[in-house]
Amino acid sequence: MANTYKVMIGMDIKEYPEGITFKEISKEYQKNYENDIVLVRQDDKLQELHKKLTKNCRLSFITTADKAGNLSYKRSATHLMLKAIYDVLGSDNIEKVSILFSMSKGYFCRIKALMDSMPDFLAAVDARMKELVELDLPITKSSLNTDDAVSLFRVRKMYDKERLFKYRRVSKVNVYGIDGFEDYYYGYMLPSTGYIKYYELIPYEDGFVIQLPLPEAPKEVPPFVPQKKLFDVLSEAKELGERLNLETVADLNDTIVSGKISDMILVQEALQEKKIGEIAQQIAENPDKKIVMIAGPSSSGKTSFSHRLSIQLRTMGKVPHPIALDDYFVDRELTPLDENGNYNFECLGAIDVELFNQDMCKLLAGERVELPTFNFKIGKREYHGNYKQLGPEDILVIEGIHGLNEKMSYSLPNESKYKVYISALTSMNVDGHNRIPTTDGRLLRRMVRDARTRGADAKRTIGMWPSVRRGEEENIFPFQEEADAMFNSALIYELAALKPFAEPLLFSITKDQPEYYEAKRLLKFLDYFLSISSESLPNNSICREFVGGSCFKV
């Protein structure tokens, strides 16, 4: 007689036979959830639905409205798309398919293959995807010896994956398959193709976008909004990676092992300095530009960038004056509250917009103005004799998250403003089909910096990150295309440099803490990278803003 196990689900305690899958159990509870159940949490561990019950346990369900569920949906949809592409074209006609970067809530992809026009090709791929969804084929999971997995990737012409696992210490590799088409993904997957109902394929520039749902609306495909300036910056970063032969983690690891990483660091830093110089030249060549507005999401390196831009402006005869929008915070008790009753420091209402505009208009008119300093300890604005008066070559360099929002500088003439959007737009990917989210790079940056400068542990940084991200979505990203220039602060080598600082912080998070799952995911991600010492980083590097040792006050 088969064993039975007791399972606690919410307030229910039920007995199920040994070997029943979590998918079968989830079907019993699906009626209680608006969105598809795609994963379960068994005690303190996330599990895929194909896993079987082997012990007494506590279960809770993860849907496509949860972050982990949404990521699993996106990975599985990507796998389905690749399966359909290979079915439509045939492997002999495909040289390479790359999932490159995030674009308008989807993924921008490029393909090197023998094919007809892009619209006809995408129509055929879409039709094949729908067939596979209708068939509801299982997404199988095989645990292969690393050597066998490497051989499989070599046969499939997935050479980036073959080289990636040269650096993995694990003895097993999880490979996922749909009807014989196998690939590697880091992260959990859905149980079958029937779950992947919502997506759209859209031709764009020299490739296409697979547009996918967001956690807040799991049954809707968001409209595609072209982002030409952002696309150009991301494409430029990918082209740089190709020129330097640093497109994937395996490329970076190869460079470290060969002893060439120091030269590569200097090359990348020189390229960033060149870009900053070009932006400074554009500003200096236009005498009407008296106010530089710099904005970007958390941990973009805005402070280091502002200092380096100011140095470049000085070489061109300009006299830059840095101003932080944070100094115009309203007194803390006047700060708006969010939906949870906490201070919302990221909304526009947290800034004294009227005072900022008054001061800037007076400065543009040639008046002498005393600028405030915000005392974060007591939560009040103070004045300490910081007077400014603009001369003919003076330029205000203003940094803050609302810098691109016209409501922030509504009274300032447009001809006097030059707007810069800065973000760490990661161009390197794990491999051709596993992209590195830009948000992961910024989260690791912030975690390392907060631990070093603010005494904040990784648990706190991870816990507040969703709130930070919501603020970015509301206050920064909608305005990025209005920038006069975009600057990518990501450094190809930086994740290898952040790894030695981030890993101890992540390991400090224990299983009983809700941030543990995110910490575990980030640790698994960092395991792909070999480490490098921060000693070889220039002291003006943007990376120094996070790991320490910067020559700037950051």
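Residues numbered from 1 in each chain as written. Predicted model: local features only at pLDDT ≥ 70, side-chain atom pairs only at ≥ 80, totals over all residues. Heavy atoms only, no water.

**Student:** Hey, could you run me through the overall build of the protein chain in this one?
**Tutor:** Looking only at helices and strands, the protein chain has 15 helices and 19 strands in total. A globule of 554 residues ought to have a C-alpha radius of gyration of about 24 Å, and the protein chain, at 25 Å, matches this closely. Summarising its shape, the C-alpha atoms of the protein chain cover approximately 90 × 55 × 45 Å along the three principal directions. Across the 554 residues of the protein chain, 55% fall into the buried class. Residue pairs in contact within the protein chain that sit at least 24 positions apart in sequence constitute 72% of those at least 6 positions apart. In the structure as shown, the protein chain presents an accessible area of about 24,300 Å², 51% of it carried by carbon and sulfur atoms. Side chains of the protein chain carry 74 positive and 81 negative charges; the gap between the two charge centres is 4 Å. (Helix = DSSP H or I, 4+ residues; strand = E, 2+ residues; numbered from the N terminus. Rg over C-alpha atoms; globule rule 2.2 N^0.38 Å. Buried < 20%, exposed > 50% of the residue type's maximum accessible area, 1.4 Å probe, protein only. Contact = heavy atoms within 4.5 Å. Areas by Shrake-Rupley, 256 points an atom, 1.4 Å probe, with all protein chains shown as cover. Lys, Arg positive; Asp, Glu negative; His and termini not counted. Charge placed at Lys NZ, Arg CZ, Asp CG, Glu CD.)

**Student:** Where do I start with the side chain of Asp-440 in this structure?
**Tutor:** Looking at the secondary structure, you find Asp-440 in helix α11 (residues 438-453). On the basis of relative accessibility, which here comes to 3%, the residue Asp-440 falls in the buried class. When near neighbours in sequence (up to four residues on either side) are disregarded, Asp-440 contacts Tyr-186, Arg-521 and Leu-522.

**Student:** Just to check I follow, could you spell out the sheet that holds strand β7 (residues 106-113) for this structure?
**Tutor:** Strand pairing in a sheet is mediated by backbone hydrogen bonds. Such pairs are either parallel or antiparallel. Reading across the sheet, the four strands line up as β6-β7-β12-β11 and stay open at both edges, with antiparallel pairing between neighbours. Edge positions in the sheet fall to β6 (94-103) and β11 (200-204), since each of these pairs with one other strand and no more. Neighbouring strand axes in the sheet, compared pairwise and without regard to direction, differ in orientation by 30° on average. Both β11 and strand β12 (residues 207-211) contribute to a ladder of five bridges, which runs antiparallel. Its bridge partner being in β12, Glu-200 is matched across the sheet by Gln-211. Contacting β6, β7, β11 and β12, helix α2 (residues 67-89) crosses the sheet at an angle of about 150° to β6. Packing of helix α6 (residues 228-243) onto the sheet brings it into contact with β6, β7 and β11, and relative to β6 it is tilted by some 130°. (Pairing = 2+ DSSP bridges. Axes fitted to C-alpha atoms, helices over the stretch in contact; angles between N-to-C directions.)

**Student:** In this structure, what is going on with the nonpolar core? I would like to understand it.
**Tutor:** Counting 128 residues, the largest nonpolar core has Ile-85, Leu-309, Leu-444 and Tyr-493 as its most contacted members. Considering every element that reaches this core, the biggest residue donor is α2, with nine residues. Beyond its immediate sequence surroundings of up to four residues, Leu-444 is in contact with Leu-495, Leu-498, Ala-502, Leu-506, Leu-522, Phe-525 and Leu-526. One finds Ile-291, Phe-356, Phe-374 and Leu-396 within the second-largest nonpolar core, a separate group that totals 22 residues. (Core = buried A, V, L, I, M, F, W, Y, C linked by side-chain atoms within 4.5 Å.)

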